[in-house]
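Chain by chain, the residues:
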Amino acid sequence: MVLNQNYPNPFNSSTIFSYSIPPNLSNQRIKLTIYNINGQKVKRLIDDTLPYGNYMTKWDGTDESGKALPSGTYLCKLEAGNIISARKITLLK
């Protein structure tokens, strides 16, 4: 499983995450989640069972309620089964 660095990074209004799911993780629950620097979940972008392949997901810098988040460093975490991949991302306003 690969979680590529988001583009652009740092970002202002939105950013794209690209990731790949290998055949051995096909049809497992995939979670793509954004956390703040304190480790608190701010938004779940993906929570679904996906077949293997390449994917892209856009994030607009908002939390679960749609409220714009402040500038800062966040963590994007991709989980499939017991495999985790994470990247630091920077939101600039």
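Residues numbered from 1 in each chain as written. Predicted model: local features only at pLDDT ≥ 70, side-chain atom pairs only at ≥ 80, totals over all residues. Heavy atoms only, no water.

*Asks:* Quick one: what's the story with the overall build of the chain, residue by residue and with numbers?
*Replies:* For the chain, the helix and strand inventory stands at 0 helices and 7 strands. For the chain, the succession of helices and strands along the chain, N to C, is β-β-β-β-β-β-β. Computed over its C-alpha atoms, the radius of gyration of the chain comes to 13 Å, within 12% of the 12 Å expected for a compact globule of 93 residues. Here the chain holds 93 residues, and the buried ones make up 39% of them. Looking at the chain alone, contacts between residues at least 24 apart form 53% of all its contacts between residues at least 6 apart. Surface accessibility of the chain: about 5,300 Å² in total, with carbon and sulfur atoms responsible for 49%. Considering the chain, the positive charge centre built from 11 side chains and the negative charge centre built from 6 side chains are found 5 Å apart. (Helix = DSSP H or I, 4+ residues; strand = E, 2+ residues; numbered from the N terminus. Rg over C-alpha atoms; globule rule 2.2 N^0.38 Å. Buried < 20%, exposed > 50% of the residue type's maximum accessible area, 1.4 Å probe, protein only. Contact = heavy atoms within 4.5 Å. Areas by Shrake-Rupley, 256 points an atom, 1.4 Å probe, with all protein chains shown as cover. Lys, Arg positive; Asp, Glu negative; His and termini not counted. Charge placed at Lys NZ, Arg CZ, Asp CG, Glu CD.)

*Asks:* Got a sec to walk through the sheet that holds strand 2 (residues 15–21)? Specific residues and values, please.
*Replies:* Within the open sheet, the 3 strands sit side by side as 1-2-5. Their pairing is antiparallel. Two strands close off the open sheet at either side, each with one partner strand: strand 1 (2–3) and strand 5 (53–59). Pairing of strand 1 with strand 2, which is carried by 2 bridges, proceeds in the antiparallel orientation. Directly across from Val2, in strand 2, lies its bridge partner Ser20. (Pairing = 2+ DSSP bridges.)

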